[in-house]
Amino acid sequence: MEKMIFDAHAHYNDIKFDDDRESVLNSLPDKGVFAAVNNGTDYKSSLESIKYAEKYEYIYAAAGIHPETVPEIDITIIDDYIEQIAQLAQHKKVVAIGETGLDYYWDIPKEPQHLLFEKQLQLAASINKPIIIHDREAHADTLGYIKKYCPTGLLHCYSGSVEMLKEIFRYGDMCISLGGVVTYKNARVPVEVAKEVPINKLLLETDAPYLTPVPFRGKRNDSSLIMYTAQRTAEIRGMTLDDVLKYTKENACRFYGVEYK
Ligand code: NI
């Protein structure tokens, strides 16, 4: 079977995989998973991502600092944190900086979030790697940074409008990824986005273990379940499942610099 699933964004270091991580990660290629990018949220999880990438051929790593880790960070030594990430990013299987970005949903101080995000935008540009961006209820400020830095970037679990899409694609080389949310009955904007986004700008993701697509919503997510997100995306766009898988795999390979096979 040709492996057609490229999961652009996952977290296999999550505690929800502690009991059976190895068997899950061993099982995915036989379920059609071609590649998955495991994202760091701090130094430790970025290092773990690299360990998985060393052990499993199909796993790639992203190294970065997530805005939700701000409360644990001593912002006076931010350059030390960034330097650690820069070191990790030299590893040959680190394909991106991330995940980073802005989160205004939780009550997290904004100033250190901005500082961390901006430093990681600069790092990604300086080492010529794409950046994986988390934007939760922070659309205007996220867009501001995209305009300022014109990154090669992925807005993961894209939650903005169709209008915002048109804006972000004017700057840098931006893509978006969609996850299980497009399969949810109450999903209105994500469905519009899935319909309108240019096919060459679309990636698929799980954000595993979270955001599991219907019919497994509420259970733990893994990369094989992208099939359901792809199927729903195909329905919305009037495309075949095979074409959605092929295009999103091609896009992810191009974006992350992974050879398409
Ligand atoms: Ni994530």
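Predicted model, so just to flag it, every value in this text is computed and none were measured.

Engineer: Tell me about the overall build of the protein chain, and please be specific about residues and values.
Structural biologist: Along its length, the protein chain carries nine helices and eight strands. Compactness check: the protein chain gives a C-alpha radius of gyration of 17 Å against a globular reference of 18 Å for 261 residues, within 12% of the reference. Projected onto the principal axes, the alpha-carbon positions of the protein chain cover approximately 50 × 40 × 35 Å. Going through the 261 residues of the protein chain one by one, you find that 57% of them count as buried. Contacts in the protein chain between residues far apart in sequence, at least 24 positions, make up 69% of those at least 6 positions apart. For the protein chain, the exposed surface amounts to about 11800 Å²; the carbon and sulfur share of it is 50%.

Engineer: Describe in detail the coordination of the nickel ion, supporting the description with residues and values.
Structural biologist: Distances from the nickel ion to its protein donors, His9 (NE2), His11 (NE2), Glu99 (OE) and Asp207 (OD), fall within 2.1 to 2.4 Å. Coordination at the nickel ion is irregular: its four donor atoms span angles of 85 to 172 degrees at the metal. Donor residues for the nickel ion sit on one chain with the sequence pattern H-x1-H-x87-E-x107-D. On the criterion of sequence distance, the pair formed by His9 in strand β1 (residues 5-10) and Glu99 in strand β4 (residues 94-103) is long-range, its members being 90 residues apart. Of the two residues examined, His9 and Glu99, each falls in the buried class.

Engineer: Let's hear about the packing of helix α7 (residues 189-196) against helix α8 (residues 226-237): which residues, and what values?
Structural biologist: Between α7 and α8, whose axes approach to 8 Å, the crossing angle comes to 70 degrees. Classed by the angle they form, the pair α7 and α8 counts as roughly perpendicular. Contact residues: α7 offers Val191, Ala194 and Lys195, while α8 offers Arg232, Ile236 and Arg237.

Engineer: Please set out the environment of Gly179 residue by residue, giving values where relevant.
Structural biologist: Here Gly179 lies in the loop between β7 (173-178) and α7. Contact partners of Gly179, with chain neighbours within four places excluded, come to Glu205 and Thr229.

Engineer: Tell me about the pattern of salt bridges, and name the residues and values.
Structural biologist: If you walk through the whole model with that rule in mind, you get 12 salt bridges. Between Arg220 and Asp20 there is a salt bridge, with the nearest N and O atoms lying 2.8 Å from each other. One end of the pair, Arg220, is in the loop between β8 (202-204) and α8; the other, Asp20, is in the loop between β1 and α1 (21-27), and 200 residues separate them in sequence. Taking relative accessible area as the criterion, Arg220 reaches 30% and is therefore assigned partly exposed. For Asp79, the salt bridge goes to Lys119, with nearest N and O atoms at 2.9 Å. Remark: Lys119 occurs in helix α4 (residues 110-127) and Asp79 occurs in helix α3 (residues 78-88); sequence separation between them is 40 residues. You can call Lys119 partly exposed: its relative accessible area is 24%. Connected through shared salt-bridge partners, Lys147, Glu167 and Arg170 make up one network.

Procedures and definitions
Residues numbered from 1 in each chain as written. Predicted model: local features only at pLDDT ≥ 70, side-chain atom pairs only at ≥ 80, totals over all residues. Heavy atoms only, no water. Helix = DSSP H or I, 4+ residues; strand = E, 2+ residues; numbered from the N terminus. Rg over C-alpha atoms; globule rule 2.2 N^0.38 Å. Buried < 20%, exposed > 50% of the residue type's maximum accessible area, 1.4 Å probe, protein only. Contact = heavy atoms within 4.5 Å. Areas by Shrake-Rupley, 256 points an atom, 1.4 Å probe, with all protein chains shown as cover. Donors = N, O, S within 2.8 Å, 3.2 Å for Na, K, Ca; no water. Tetrahedral: all angles 85-135°; square planar, octahedral: opposite > 155°, others 65-115°. Axes fitted to C-alpha atoms, helices over the stretch in contact; angles between N-to-C directions. Parallel < 35°, antiparallel > 145°, perpendicular 65-115°, else oblique. Salt bridge = Lys/Arg side-chain N within 4 Å of Asp/Glu carboxyl O.

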